[in-house]
Amino acid sequence: MSAAFPKLQVLKLVSCNWTEFPKFLHDQYELIILYLSYNNIRGQIPRWLWNATRETMMDLNIANNFVTGFEQDPGTFPWQNIMYLSLHFNSGEISPSFCNLNDLKTLNLSNNNLRGKLPQCLGNSSNLGLLRLQNNSFHGNLPSLCPTVNSLASVDLSYNQLRGKLPRSIANCSRLVFLNIGNNHISDIFPSWLGALPVLLALILCSNRFHGVIRNPATTHEFPKLCIIDLSNNNFSGMLPLNYFECWNSLKFVDKSKQTYVENSFSLNSLGFSIHYRNAFSLTIFSNS
């Protein structure tokens, strides 16, 4: 008689060339962390897997496979205590049941073939710190982010087909560091109201339908921490007020000998995730004196 397979709480089988969910997980009722990323797993998440780990699973990563969804509709999201969920580089559908995950801190569904409208409740979780939905085919309006006290630090909704205006509730995202909605169909004026966000480092608005004149900042304290801003490929008119360059001190490094402003890069390591963003430009100021 063979010995029983030990009960595990943490299991990481990354880059092991699995083509299906390992059968020995059938009886793993104590799993808290499961990493099966960078394999060749195909098909749907089997019912037996979520039944076995429904109460215990807190960190699940099955990114970079060929997973297409759930074997059967679980009705509600099967892992109610999940905190970190990474399903990027797969395909399937997004369910409104994600909104019920009150303990969720990281939701990464990027680089899939997801489509349809985003659930409007998606940004309601008070614990959600990272929301990555880029490189999908979502359409419709953006969800109302941060309608209440919120922990959102990073939001990436780029490379979708989202339209409408920026939700004004984003002004409540007091912990927001990174916002990327580039390459969508957002039609709005320049969101100067985001200038009150105290720790915003990067604002990416490129390749949308923003329009109109960018007015002078109301105060010298707008966007106090901004390092990166991308307004390219929009329909803005007029001139970018010089006053912004005067008050965006975190954005520039000043080489006094050449009068050149060089944008810096940043890395964010918080809430169990990392963001690395780098871009650069130079601006020469010509003086009449």
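Here, every reference points to the structure presented above.
This structure is a prediction, so every number in the text was calculated from the model and none was measured.

Scoring rules and cut-offs
Residues numbered from 1 in each chain as written. Predicted model: local features only at pLDDT ≥ 70, side-chain atom pairs only at ≥ 80, totals over all residues. Heavy atoms only, no water. Disulfide = S-S within 2.5 Å. Helix = DSSP H or I, 4+ residues; strand = E, 2+ residues; numbered from the N terminus. Buried < 20%, exposed > 50% of the residue type's maximum accessible area, 1.4 Å probe, protein only. Salt bridge = Lys/Arg side-chain N within 4 Å of Asp/Glu carboxyl O. Pairing = 2+ DSSP bridges.

Caption draft 1: Here's a closer look at the state of the cysteines. One pass over the full model with this rule turns up one disulfide. Covalent S-S linkage joins Cys146 and Cys173, the inter-sulfur distance amounting to 2.0 Å. The sign of the 115° torsion about the S-S bond sets the Cys146-Cys173 disulfide as right-handed. Of this pair, Cys146 sits in the loop between strand S10 (137–141) and strand S11 (154–156) while Cys173 sits in the loop between strand S12 (161–164) and strand S13 (178–180), and the two are 27 residues apart along the sequence. In this pair, the class of Cys146 matches that of Cys173, namely buried.

Caption draft 2: Inspection of the pattern of salt bridges at higher detail. Under the definition given, this model contains two salt bridges. Between Glu20 and Lys23 there is a salt bridge whose closest N-O contact spans 3.2 Å. For Glu20, a relative accessible area of 41% gives the class partly exposed. Here Asp188 ties to Arg168 by a salt bridge, and the two come within 2.6 Å at their closest N and O atoms. A residue pair is termed long-range when its members are at least 10 positions apart, and Asp188 in the loop between strand S14 (185–186) and strand S15 (202–204) and Arg168 in the loop between S12 and S13 qualify at 20 residues.

Caption draft 3: Region of interest: the sheet that holds S14. In space, the four strands of this open sheet follow the order S8-S10-S12-S14, with parallel pairing throughout. Of all strands in the sheet, those with a lone pairing partner are strand S8 (115–117) and S14, marking the two edges. Relative to S14, S12 runs parallel, the two sharing two bridges. Bridging from a neighbouring strand, Arg163 pairs with His185 of S14.

Caption draft 4: Seen up close, unusual backbone geometry. With a phi close to 55°, Tyr38 is a non-glycine residue in the positive phi region. By the secondary structure assignment, Tyr38 is in the loop between strand S2 (33–35) and strand S3 (42–45). Unusually for a residue other than glycine, Ser207 sits at a positive phi of about 55°. Tracing the backbone shows Ser207 in the loop between S15 and strand S16 (211–213). Assessed through its relative accessible area of 23%, Ser207 is described here as partly exposed.

Function cannot be read off these values alone, since they describe shape.
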